[in-house]
Each structure stands twice: as structure tokens, then as C-alpha cells.
Amino acid sequence: MPTDPSPRRLSAVCVFCGSSSGVDGAYVDAARDLGRLLARRGVALVYGGARVGVMGAIADAALDDGGRVVGVMPRPLWSREVGHTGLTELLVVDTMHERKALMAERSDAFVALPGGAGTLEELFEMWTWAQLGIHTKPVALLNVGGFFDPLLAMVEHLVTQGFVRPAHRAMLVVEEQPDRLLARLAAYEAPATTRWLTTEEA
């Protein structure tokens, strides 16, 4: 049986997702699928370091398949978020800002799975950084069962109202299947220009 080729450009993928499991088992199932796929392709998982919810599901699935999993967790959240003690590497930092900066530094791409306010905050920060040209890494949504459809509708509203450029909207990679998502991340090319505003618009 042929195996899928490993993405050439990805050595580590940062995944943002919930520390809760949500009401639909499909969210945890999708996390496990992505975790196993990353492990089998030799791509490290970088995530928030918890052992519960969608976060725990993706970490455990990657570990069970022999994958490398790096968790990054702020000290104040260690006990409250139930930190994962079985990771390949656990990095404990002092603040949330350090957490996000380190996750970004250690990753070649960013993927959001279903989650809450923290997941959305992390997603939008990485997308904003891409728009500003702070990084040229792909930012993606794994749209499990249409979970992100309302958010994507809001993004389209931002475009039609002139607050997000179509080129910046196109930076967001959206897929429903983990294998197709990874293929698009590996093939991603950042736009030639990522200027936020032109001189006329400033």
C-alpha cells in the first residue's frame, strides 16, 4: 500500500485548539486524525501543553503514533490547565506572550482546530502577523463539520466592508480534511507584498 509523501517544507506545525472537548465528538476525532497524520509524516506538533480536551486528544494521538510533541505552557496555567507530563518536550514560560512567541518561533505553520476565545485569539494574532509581514508562514483552519463557517462569514463581511483586503483573506487556508490541509500548508507561498495600507489609504 503506497504511503503519502511527507510535506517537504514542514518540520513542525503549531496547532491552536480547545482545552475542552466541545459537544460534538467530531472535534476530538479530527484532532486525533491530524495528530496521527503529523506523526506519520515526521512533522512535530507544537501546541499549548494541556492533556485535556481537543488539546490532549491531538497530543496523545501524535505520541501514540511515535510523533514528536512539544508543549508550551505558562507557569500560572500549569495546574489549572492540567499540563501534559508525557510530552517529548515541555517548555514552561512565564507569560502568555512568551508562550505564543515561542510557539511561533518553533513552528513552520499554524492550524486552528475547534476551540474557544483563546484559540481564536491565537489564530487572529498569527494571521495579523502574516498580514503585517512579521512572518511568511501559512495560517489555516481545519473546518471540522463547518465549525468555523460563522467565523468565515464574518471574515467575508470584513472584506466587503473594506477592513480586510482580499489578498489578506486569501492568506487563510481553509480545509475540512487533515491530509488536504497539510498538502496546502506544504505548498503555501506567501504573497509578494503584505503591506497593511497603501500611502493613499493611510
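Residues numbered from 1 in each chain as written. Predicted model: local features only at pLDDT ≥ 70, side-chain atom pairs only at ≥ 80, totals over all residues. Heavy atoms only, no water.

As named in an unreviewed UniProt entry, the protein is Cytokinin riboside 5'-monophosphate phosphoribohydrolase, taken from Gemmatirosa kalamazoonensis. Under Sequence similarities (unreviewed entry), UniProt gives the following word-for-word description of the protein: "Belongs to the LOG family." What UniProt records for the protein under Catalytic activity (unreviewed entry) is the sentence "AMP + H2O = D-ribose 5-phosphate + adenine". (UniProt positions renumbered as here; feature names shortened; annotations may be inferred.)

Visitor: Report on the overall build of the protein, specifying residues and quantitative values.
Guide: In terms of regular secondary structure, the protein is built from 7 helices and 7 strands. Its helices and strands taken in sequence order, the protein reads β-α-β-α-β-β-α-β-α-β-α-α-β-α from the N to the C terminus. Against the 2.2 N^0.38 benchmark of 17 Å for 202 residues, the protein shows a C-alpha radius of gyration of 17 Å, consistent with a compact globule. For the protein, the C-alpha atoms occupy an extent of roughly 55 × 45 × 30 Å along the three principal directions. Expressed as a percentage of its 202 residues, the buried residues of the protein come to 49%. Restricting the contact set of the protein to residue pairs at least 6 apart, pairs at least 24 apart contribute 71%. (Helix = DSSP H or I, 4+ residues; strand = E, 2+ residues; numbered from the N terminus. Rg over C-alpha atoms; globule rule 2.2 N^0.38 Å. Buried < 20%, exposed > 50% of the residue type's maximum accessible area, 1.4 Å probe, protein only. Contact = heavy atoms within 4.5 Å.)

Visitor: Mind laying out the layout of surface pockets, listing which residues take part and the relevant values?
Guide: Computed from the structure, the largest pocket encloses a volume of approximately 240 Å³. In this structure, the largest pocket is lined by 18 residues; those nearest its centre are Cys17, Met55, Gly118, Thr119 and Glu122. For the lining of the largest pocket, the secondary-structure elements that each account for two or more residues are β1 (12–16), α3 (96–105) and α4 (117–132). At 4 residues, α4 tops the list of elements feeding residues into the lining of the largest pocket. (1 Å grid on protein atoms, 1.4 Å probe; cavity = no way out; pocket = protein on both sides within 12 Å on 5 of 7 lines; lining within 4 Å. Points joined across faces, edges and corners; volume = space filled by probe spheres on them.)

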